[in-house]
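# Reading the structure
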Amino acid sequence: MTDQSGNPSEIAANPSKKVYVKTFGCQMNVADTERMLALMGEKGMEPTEVPGDADLIIINGCSVRDKAVHKAVSFLGEQQVLKKKKNPIIALGGCVGQLDKGDVFKRAPYLDFVFGPDAIDQLPELVHKAQSGQKHFVQVEFDKTLSYSTQTKIHGSKAQAFVNIMKGCDKYCTYCIVPFTRGKEKSRTIDEVLEDLAQLVAKGVREVTFLGQNVNSFGKGNKNLKGYLPLELNNIIGKVGPRDGEENFPQLLYAIENDPRFEKLKRIRYTSSHPLDFSDELIECYAPKEKGGIGKLAKHLHLPVQSGSDVVLQKMGRHHKIENYIAQMDRLKELCPEIGFSTDLIVGFPTETEEDFEQTLKLLDRVQYDNIYAFAYSPRPGTRAAKLPDDVPAEVKNRRLNQLLQHQLKIAAVRYASRVGQTMEVLVEGQAKNQNMMTAADRAQETPTALGRVWTGRTSCNRVVNFVDHTQRNYLGALLMVKITGSTSLSLQGELVHQPDFAELKYTSSYSSSEIAQ
Ligand code: SAM
Ligand code: SF4
Ligand code: F3S
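All values derive from a computational prediction rather than experimental measurement.

The rules behind the values
Position numbers for residues start from 1 in each chain and track the written sequence from start to end. Chain letters start at A and ligand numbers start at 1, both assigned in the order the entries are written. At least 70 in pLDDT is required for a residue's local features to be given in this predicted model, at least 80 for side-chain atom pairs to be given and counted, and no such filter applies to totals for whole chains, interfaces and linings, which use all residues. Remark: hydrogens and water are excluded; side-chain values derive from all non-hydrogen atoms of the structure. Throughout this document, a residue counts as near a molecule or strand when at least one of its heavy atoms sits within 4 Å of that molecule or strand. Each polar contact in these results corresponds to two N or O atoms within 3.5 Å; when the atoms are within protein, one needs to be able to donate a hydrogen and the other to accept it, and residues that are neighboring in sequence are counted only if both atoms are side-chain atoms. Per-residue and other accessible areas follow the Shrake-Rupley method at a 1.4 Å probe size, with only the shown protein chains counted as cover for residues. Under the scheme used here, helices are H or I runs from DSSP no shorter than 4 residues and strands are E runs no shorter than 2 residues, and both carry numbers assigned from the N terminus. Each residue gets one of three labels, nonpolar for Ala, Val, Leu, Ile, Met, Phe, Trp, Tyr, Cys and Pro, charged for Asp, Glu, Lys and Arg, and polar for the others, Gly among them. Here the bounds of each domain stem from an automatic or database domain assignment. Nine residue types can take part in a nonpolar core, namely buried Ala, Val, Leu, Ile, Met, Phe, Trp, Tyr and Cys, and a core is a set of them joined through side-chain atoms within 4.5 Å. Burial here depends on accessible area, computed with a 1.4 Å probe over protein chains only, as a share of the maximum for the residue type. Under 20% is buried, over 50% is exposed, and the range in between is partly exposed. Any pair of residues with heavy atoms lying within 4.5 Å of one another is described as a contacting pair. Classification of ring pairs rests on two measures: the distance between centres of Phe, Tyr or Trp rings, Trp counted by its six-membered ring, which must be within 6.5 Å, and the angle between planes, read as stacked under 30 degrees, edge-to-face over 60 and tilted in between. For a Lys NZ or an Arg CZ to count as sitting over a ring, it must be within 6 Å of the ring centre and within 35 degrees of the ring normal. Here the axes come from fitting lines to C-alpha atoms, over the contacting stretch only for helices, and the angles between their N-to-C directions go from 0 to 180 degrees. Note on angle classes: values under 35 degrees are labelled roughly parallel, values over 145 roughly antiparallel, values of 65 to 115 roughly perpendicular, and the remainder oblique. Each crossing gets its handedness from the near helix: less than a right angle anticlockwise from the far helix is left-handed, clockwise is right-handed. Pairs of strands are assigned from DSSP output, requiring at least two bridges between the strands.

### Focus on the site of ligand 1
Ligand 1 sits among 16 residues. The nearest are Y175, Q213, Q306, D344 and S378. Between R65 and ligand 1, the recorded distance is 3.2 Å, taken from a side-chain N or O atom to an oxygen atom. Y175 is positioned with one of its backbone polar atoms (N or O) 3.0 Å from a nitrogen atom of ligand 1. Here ligand 1 has 560 Å² of accessible area as a free molecule, and 91% of this is covered by the chains. Sorting the residues of the shell around ligand 1 by element identifies β13 (340-347) and β14 (371-376) as the ones contributing at least two each. Looking at the shell around ligand 1 residue by residue, the classes come out as eight nonpolar, four polar and four charged. If you count residues domain by domain, the shell around ligand 1 takes at least three from each of domain 2 (159-298) and domain 3 (311-316 + 335-416).

### Digging into the nonpolar core
Ranked by size, the top nonpolar core spans 71 residues in total, and within it I165, F210, F249, L252, Y270 and Y369 carry the most contacts. If you tally residues by element for this core, the top one is helix α6 (residues 190-202), at seven residues. Taken together, domain 2 (159-298) and domain 3 (311-316 + 335-416) each give at least three residues to this core, which thus spans both. Contact partners of I165, with chain neighbours within four places excluded, come to Y148, S187, R188, V193, F210, L211, V215, F218, F249 and L252. Core analysis: the second largest hydrophobic core is formed by 21 residues, C62, L82, I90 and L111 among them.

### Here's the deal with the packing of aromatic side chains
This model, assessed by the stated rule, comprises twelve aromatic pairs. Centroid distance Y172 to F180: 5.6 Å. Interplanar angle 85°. Geometry classified as edge-to-face. Taking the relative accessible area as the measure of exposure, Y172 reaches 32% and is therefore partly exposed. On the accessibility criterion, F180 (35% relative accessible area) is partly exposed. Among the aromatic residues, ring-to-ring pairing joins F210, F218, F249 and Y270 into one connected group. Looking at R65, its charged tip hangs above the ring of F375, at a distance of 3.7 Å from the centre.

### Here we look at the site of ligand 2
Around ligand 2, the surrounding shell consists of C169, K171, Y172, C173, Y175, C176, V178, P179, Q213, H274 and R318. Residues of the shell around ligand 2, tallied by class, amount to seven nonpolar, two polar and two charged.

### Some points on the packing of helix α10 (residues 322-335) against helix α11 (residues 354-367)
Relative orientation of the contacting elements α10 and α11 amounts to 15°, with a least axis distance of 11 Å. Accordingly, the angle class assigned to the pair α10 and α11 is roughly parallel. Considering how the two elements wind past one another, α10 and α11 form a crossing that is right-handed. Residues I322, Y325, I326, M329, D330 and K333 of α10 pack against L363, R366 and V367 of α11. Residues of the contact of α10 with α11, tallied by class, amount to six nonpolar, no polar and three charged.

### Focus: the sheet that holds strand β5 (residues 113-115)
Spatially, the six strands line up as an open sheet ordered β2-β1-β3-β4-β5-β6, and their pairing is parallel. Each edge of the open sheet is held by one strand with a lone partner, namely β2 (46-47) and β6 (137-139). Contacting β1 (18-23), β2, β3 (56-61) and β5, helix α1 (residues 27-42) runs over the sheet at an angle of about 175° to β1. Against the sheet, helix α4 (residues 123-131) touches β3, β4 (89-93), β5 and β6, its axis set at about 165° to β5.

### What about helix α7 (residues 249-257)?
Within α7, eight of the nine residues are buried, which leaves it mostly tucked inside the rest of the structure. Turning to α7, its buried residues number three or more, namely F249, P250, Q251, L252, L253, A255, I256 and E257.

### Some words on the sheet that holds strand β7 (residues 160-164)
On the basis of which strands lie adjacent, the open sheet formed by three strands has the order β7-β10-β11 and parallel pairing. Edge positions in the open sheet fall to β7 and β11 (267-271), since each of these has one partner strand only. Neighbour to neighbour, the strand axes of the sheet diverge by 25° on average, direction disregarded.

### Details of unusual backbone geometry
Cis geometry is found at the peptide bond from L229 to P230, where omega equals 0°. Following the sequence through the fold, P230 ends up in the loop between β10 (207-211) and α7. S272 follows T271 through a cis peptide bond whose omega is 10°. Turning to its location among the elements, S272 is positioned in the loop between β11 and α8 (280-284). Here T351, not a glycine, exhibits a phi torsion of approximately 75°, which is positive.

This is a description of form; function is not addressed.
Okay, structure coming up:
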């Protein structure tokens, strides 16, 4: 059955139907889930948080490490009971779907279909096909077009949005499965991203995170027909990324900074980056606005390094040395002293010695990250590193991982504590899950926090800040000045410096009691 536009209409005829998506993995998958919900929403399906209520269950899986795959597959296993009870359509997607290609049907015959990240826009048709009784089909073809074109879909009103600007990865780090799950690098055009952004800002988005596995190589393959500046990129490590005459990431940033349509857009973030494509021109974007920098650029950078040892970096196929990376970080600190850094690290890569590992610890001391994401090496079938003997025993990997995390917690505790007493601008993301925070006044009077609400948000440098408010106002999406009164190694606590006028608050002026999270 199709509607007048030729699209499947069966779902639209059933507005009471519900979709549940279980998401594993990176922000790319989080954004993909958002897109799936929006696409199914257009067909009349409401999202639900309860798999038992769903008519469609999607598992958006991640294959970056063995454990992640295991989680997706065991979640799939748990759905067998529901299938028998309520017969929802069950689909396996994401990077796990892309690699599996249907092998899983043998183990999970109750699964209806498998699809990859490039088939997300076909989801309504795939669901319709399953509703019409077809089973065990697979849609994992990579999109063959040379360019990448899309429009961001957000579900509901939000102060923040993820925007995919490129997809795929051409880096082929020896340990990594992502180039096999997401295909070749392709970028959207600058013009298309600007149009997309304009509609998001009109909907109330105040902070955007540009997504891609290697955002720094944005523009590769797209001719710079409009003469956006800077025309060429340089890198202290070696010239890579988009070629001269092609579009590039700093051009996109300058185009946004200089366009009055984006006045209300307060912060731009992006992830992820590779040091090899991290151009000198992008580094200069972190200069103060008065000196030609990008004022909207958040004072935070996630620049994965993976290891502090040159020997290991070489075996990982990262193609740069630690001194290059440190030079990039030093220049960034020089241009923007308040900048906060985070990184990804792998411990226990094949042949990693205690000495190599010590160099990673030393790197933490040298760079002074606010936060790290550290992982024990997990061989991924089909990658070059999987051919090397996985010779660091599991207990050594785990010990190094714990040691690394403990080392970082000590660094972060000092860094966070140094913020106490400062007043910082916070973009409010919502009410905190943990409502157990007390203000100084609460503590003095020993009154329970139930009197107020704990709100949570982030500073430009990406630190989480929680504060208590007693006015019942809705601060979602508001940019507020908060005085920092306390810290842990993971977050800051503070107090509102002033009550903004209701007019400054973007969404509803106050919460009804039913809207207040308990
Ligand atoms: N494109 C980003 C980059 O260049 O770092 C993100 C890649 S991946 C989605 C996120 C992180 O997972 C990587 O930075 C790396 O630290 C980790 N990772 C990737 N493959 C891994 C493996 N085989 N074992 C353990 N960790 C891995
Ligand atoms: Fe994986 Fe390396 Fe590409 Fe990041 S840059 S996605 S780690 S291959
Ligand atoms: Fe995982 Fe795929 Fe992201 S493998 S980390 S979900 S790109």
